[in-house]
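Examination of the molecular architecture
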There are 2 protein chains.
Amino acid sequence: MFSSPTDAAQSKSDRTRAALREIALTSFRERGYDATTMRLIAQEAGVSVGNAYYHFATKNDLVQELYLDVQERHRAAAAPALAGETDLIERIAIVYRTGLDRLTPYHPHAAEFLSAAMSPRSEINPLSPASTASRDITEGLFRDAVSGARRSGLPSDLARALPAALFLSHLLLALFWVYDRSPGQERTRRLLDRGLRLLRAALPLVRLPIARGLVREVLELVAEVGR
Amino acid sequence: MFSSPTDAAQSKSDRTRAALREIALTSFRERGYDATTMRLIAQEAGVSVGNAYYHFATKNDLVQELYLDVQERHRAAAAPALAGETDLIERIAIVYRTGLDRLTPYHPHAAEFLSAAMSPRSEINPLSPASTASRDITEGLFRDAVSGARRSGLPSDLARALPAALFLSHLLLALFWVYDRSPGQERTRRLLDRGLRLLRAALPLVRLPIARGLVREVLELVAEVGR
């Protein structure tokens, strides 16, 4: 009926970990990447720096928690909207738009995160092995968007390759968003709308015999990038 | 007949500047961005650190010299090859390939340069005002590649928009190249070859009435990114 002493210790440790995580997520959003330090997080959580390092070996582990938090919220926002939509392009639009919505609070400090994450060797590069869990969520959303569409008329080879192309485009859109200084990043939204219109205009063409060679080239290009 | 003392001083100052520049270019290639410091460059040139700063206010000014040097060599390699080629796709291929050739010696340290240059606020971002001179060379090469082609059959609106799209693709290809760990960056070359084949396959289609809406969407998308 009652927790054993070990459970209580476990639970206190869990609470400390959760507190450090919450404080870090808030700090990344409000102070940015550079100004968020393990020392500051420990101080605000009321624990020693050594204790903070026991829970999270580096600041970058906390950035991975941030990525996971953002993508879990992304999935939570996209899933109910996807459940009520069958049109392929609209479903894809939902995944992109709810993704940008979740990123928005981080825009003031996005350049810092980009600098820290952009090197191929960076532990917080979105393509790094350490970022697999959050990347899996986003890739899964694009796969769901495509597989759950009705009457899309997509040839099956294209349907298989499309989610990877959409995820790649998502990374490029996020890159554009970091550079976007327009109010509310409206240029990024406009770019997305144009991309979606392009996709809608291209869909009826992909089944024409004359366009098959072109489609095959696009697929091979995307496969090359994602390899 | 003889130089005045002022000329001699001018000439000595020019020689110091040229020496600092050469040493910096070599150091960026051999040691990379992070390990190249003004102190080290001054030391190797046999001048005081203060004198080095008189010629180049920051290390980033020397990176701009590097960009300019690489792009001048790019132009010098592309120009004679372009003079002997009239096919649009082959001309575009020349500009991309000679560009990658010039980048190749910098690949071992490319990740460092990317980290330093990627922030929208970075003084050595290739899109920054400080990088205008080297960017102008590259953009000019893509304009020449398109305008000097014979019988390309490109609709005029597409011919006007194409150089900006090619330059944007060049930046994305360079980004891919930084991440490319294959021997001799052969994956980047293969990606380029596929992109060129895609362009060649798309060319006959762009004049079909059925594809006009699609082409217009592509043009507006590119214009949005480049705005």
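Right, let's walk through the structure included here. (Residues numbered from 1 in each chain as written. Chains lettered and ligands numbered in written order. Predicted model: local features only at pLDDT ≥ 70, side-chain atom pairs only at ≥ 80, totals over all residues. Heavy atoms only, no water.)

Attention now goes to unusual backbone geometry. Residues and elements named next belong to chain B. Even without glycine at this site, Arg151 takes up a positive phi of about 45 degrees. Within the fold, Arg151 resides in the loop between helix H8 (132-147) and helix H9 (156-179). Arg151 sits in the exposed class, given a relative accessible area of 78%. Phi at Gln185 is positive, roughly 50 degrees, even though this residue is not glycine. If you trace the backbone, Gln185 turns up in the loop between H9 and helix H10 (186-202). Gln185 sits in the buried class, given a relative accessible area of 9%. (Helix = DSSP H or I, 4+ residues; strand = E, 2+ residues; numbered from the N terminus. Buried < 20%, exposed > 50% of the residue type's maximum accessible area, 1.4 Å probe, protein only.)

All right, on to the relation of the copies chain B and chain A then. Between the two copies of the chain lies a rotation about an axis combined with a shift along it. Once chain B has been moved 0.0 Å along the axis and rotated by 180 degrees, it coincides with chain A to within an RMSD of 0.0 Å. This pairing of chains is accounted for by a two-fold axis. Of the C-alpha atoms belonging to chain B, the one lying closest to the rotation axis is found on Ser115 of chain B, 2.7 Å away. Interface overlap between copies is the fraction of interface residues in one copy that are interface residues in the other; for chain B against chain A it reaches 97%, indicating a shared surface. (Least-squares fit on C-alpha atoms with pLDDT ≥ 70 in both. Contact = heavy atoms within 4.5 Å.)

The interface is formed by 36 residues belonging to chain B together with 35 residues belonging to chain A. Taken over both partners, the interface formed by chain B and chain A buries close to 3,600 Å², and the fraction arising from carbon and sulfur atoms is 64%. Considering only the side of chain B, the residues that lose the most area to chain A are Tyr179, Arg194 and Glu224 of chain B, jointly responsible for 17% of the buried surface there. Counting the contacts that link chain B with chain A gives five residue pairs in polar contact (both at pLDDT 80 or more). For the side of chain B that touches chain A, the elements supplying multiple residues, two or more each, are helix H7 (110-117), H9, H10 and helix H11 (209-226) of chain B. Of the residues belonging to the side of chain B that touches chain A, the class tally is 22 nonpolar, four polar and ten charged. (Buried area = accessible area lost by both parts, 1.4 Å probe. Polar contact = N/O pair within 3.5 Å; in protein donor to acceptor, adjacent residues only side chain to side chain. Nonpolar A, V, L, I, M, F, W, Y, C, P; charged D, E, K, R; others polar.)

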